[in-house]
Each structure stands twice: as C-alpha cells, then as structure tokens.
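Read off the chains here:
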Amino acid sequence: MIQYIDTHCHLDGEEFAEDHDLVVERAKAAGVAKIFIPAIDLKSCQTVMDTCNRYFGYCYPMLGLHPEEVRSDWREQLVEIRSLITHHSSLIISIGEVGLDFYWSREFEQEQILAFEEQVRWSVETRLPLMIHCRKAQNEMISILKRYKDDLPGGVFHCFTGNEIEARELLQFENFVLGIGGVFTFKKSHLPEVLPAVVPLDRIVFETDAPYMAPVPHRGKRNEPAFVLEVLRRLAEAYDVSQEEVARITTANVHRVFKKL
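Presented here is an overview of the structure given in this document.

Further remarks concern the overall build of the protein chain. A count of helical and extended segments in the protein chain gives nine helices and eight strands. Overall, the protein chain is about 45 × 40 × 35 Å in size when its C-alpha atoms are taken along their principal axes. The proportion of buried residues among the 261 residues of the protein chain is 58%. If you take every contact in the protein chain between residues at least 6 apart in sequence, the share linking residues at least 24 apart comes to 75%. Accessible area of the protein chain: about 11,700 Å², with a carbon and sulfur share of 49%. The average position of the 29 basic charges and that of the 40 acidic charges among the side chains of the protein chain differ by 4 Å.

We now examine the pattern of salt bridges. Scanning the entire structure with this criterion turns up 16 salt bridges. When the shortest N-O distance is used, the salt bridge between glutamate 224 and arginine 26 registers 2.8 Å. In this pair, glutamate 224 sits in the loop between β8 (204-206) and α8 (228-239) while arginine 26 sits in helix α1 (residues 20-30), placing the two residues 198 residues apart along the sequence. Given the relative accessible area of 35%, arginine 26 is considered partly exposed. Residue glutamate 118 pairs with arginine 121 through a salt bridge whose shortest N-O separation is 2.7 Å. One end of the pair is glutamate 118 and the other is arginine 121, both in helix α4 (residues 109-126) and three residues apart, which spans about a single turn. Overall, glutamate 118 belongs to the partly exposed group, its relative accessible area being 27%. According to the relative accessible area criterion, arginine 121 is partly exposed, its value standing at 31%. Each of Asp19, Arg26, Arg222 and Glu224 takes part in one network of salt bridges that share partners.

Among the nonpolar cores identified, the biggest contains 81 residues, and Leu145 and Leu195 are the most heavily contacted of them. Ranked by residue count, the leading element in this core is α8, at seven residues. Residue contacts for leucine 195: discarding those within four places in its chain leaves Phe160, Leu178, Ile180, Phe184, Ile204, Leu235 and Tyr239. By size, the runner-up hydrophobic cluster in this structure holds 12 residues, among which are Val177, Val205, Val257 and Phe258.

Moving on: helix α5 (residues 138-147). When α5 is considered as a whole, its buried residues turn out to be Gln138, Met141, Ile142, Ile144 and Leu145. Buried residues in α5, looked at end-on, bunch into an arc of 165 degrees, giving them a common side. Exposed residues on α5 whose side chains face more than 90 degrees from its buried face are Asn139 and Arg147. Of the surrounding elements, those touching the buried residues of α5 are β4 (94-101), α4, β5 (130-135), β6 (155-157) and α6 (164-171).

The subject of this paragraph is the packing of α6 against helix α7 (residues 191-198). Their axes nearest at 10 Å, the elements α6 and α7 cross at an angle of 45 degrees. With respect to α7, the element α6 is oriented oblique. Judged by the sense of rotation from one axis to the other, the crossing of α6 with α7 is right-handed. Across from Glu164, Ala167, Arg168 and Leu171 in α6, the residues of α7 making contact are Val194, Ala197 and Val198.

How each quantity is defined
- Residues numbered from 1 in each chain as written.
- Predicted model: local features only at pLDDT ≥ 70, side-chain atom pairs only at ≥ 80, totals over all residues.
- Heavy atoms only, no water.
- Helix = DSSP H or I, 4+ residues; strand = E, 2+ residues; numbered from the N terminus.
- Buried < 20%, exposed > 50% of the residue type's maximum accessible area, 1.4 Å probe, protein only.
- Contact = heavy atoms within 4.5 Å.
- Areas by Shrake-Rupley, 256 points an atom, 1.4 Å probe, with all protein chains shown as cover.
- Lys, Arg positive; Asp, Glu negative; His and termini not counted.
- Charge placed at Lys NZ, Arg CZ, Asp CG, Glu CD.
- Salt bridge = Lys/Arg side-chain N within 4 Å of Asp/Glu carboxyl O.
- Core = buried A, V, L, I, M, F, W, Y, C linked by side-chain atoms within 4.5 Å.
- Arc of directions from axis to C-beta.
- Axes fitted to C-alpha atoms, helices over the stretch in contact; angles between N-to-C directions.
- Parallel < 35°, antiparallel > 145°, perpendicular 65-115°, else oblique.
- Left-handed = near helix turned anticlockwise from the far one by under 90°.

Here it is, written out as structure tokens:
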C-alpha cells in the first residue's frame, strides 16, 4: 500500500467528535501513515494534545495562535501557549497554526503582525518548524520571514493556492515546503499548471485542512485524512510520475522539515 502523510488536519474539532475512531481507521486503510494536528488558540491546544494522546504515535501536535484568533488578549494567550510548548517539548513537532490573515478584516492587523513575529522567534529558539497560514497578506508575511531567513529551521506554507510568482517568492525560503490539499482538485484551480511549472516535487507536502476543503469527488462534504489520496492521484497526473513516486518524495519532504518525527 502507498503510504503518505496528512500534515494539517483539525481532527480535534467538534466536526469529528462523534466518529474520531472511524475517521482514523479510514485514514489508515487509505494509506495515511501520520496525521499532524494544529492548534488555533489556547483552548484548542488542550484538545489537540488530548487527540494526539488518544492516537499516540499516529497523530502529532502543533501549537500556536492562528491569525484569525488574534484579539485583544493575544499577548496573554501567547504566554500560555509558549509555556505549553515548553512543557510538552518532547511531543510538539511544530509551531502552528500561525501567520497572517487579512481576508475578512484588518481590525487586528498590527496585533496579527506582532503575534506572528513573536511565534517566528519561537521557531528560531526551539528549532521547531512553522506551520504558516497566510491569506491576503503574502507581502507582509515575507517581510517578517526575511528578517529571520538565515535562522529559521523551516516549515510549511499551508494551503498554497497562489500563482507562479507567489510560488517563487515562497521557494526562496529554502527549508520550507508548500502544503497542497483539496483545492488542487477543483475544476477552476490553476494549481495543476502552476506547480509543475515552478515547484519541484521535493518542495511539496500533502494536507487536508480537514474538515474543510474536501477534494473532488467529495467536494461539499466534511473533509477527512483519507481523502488525501484524491490529491495524490491528481498530483501524480500533473507531474507525470507514478503515485508511488509522489508518495515517496512527499513523505521524505515531511521528514526533512519535521525533524522530530
């Protein structure tokens, strides 16, 4: 069986509360070797840790403050989250999900920037890679990352959906990879043309972002890790290589970035 990794799944969310075990069983049956679970705020740090303890050795925790969760209490949340990262240092594989998101609102723009940079510094200090969420803020994100470019251990640009120019901008960060999920399979997606043109396979990892953005033919349903296989199949077609080769390369990429596995 082909084996591959889902590097971004919100398995701790309420959407999976009724059938955690079945979702994990289906993931394993579909070839998913590991699942990485990101926190989005202080409260979810606990649900992430609980879920990863429940599936110890299969699910792996990432802790951080998501940009859409940055509010007036962001400093207090960061203090607590940083403490948890220290306390669970042997288990945490990444700082995430962190980043910038100006899609809906710029109300907390400066707070997001400060919170993101603080967590970038954590990555440098702990040598844990970053799981970065960025929407309508690539210029601001790159500006921050450039300040730490020589010191960053690496990470994932989660849910990449950009064009060739944006891809090249991100690839300048040598230890980072692009997270590719269900959007790749959408009818109107330009990714099947963009990625093979500028992104080598050794700079790609798979993700679901489940329960969101299920790939075709499951679009509109709750996403889950087993559906990674649909993205893998489509990516193999776009790069004109075997599914086994895609699985092998992307899995090696994961181990290169997430060194604690």
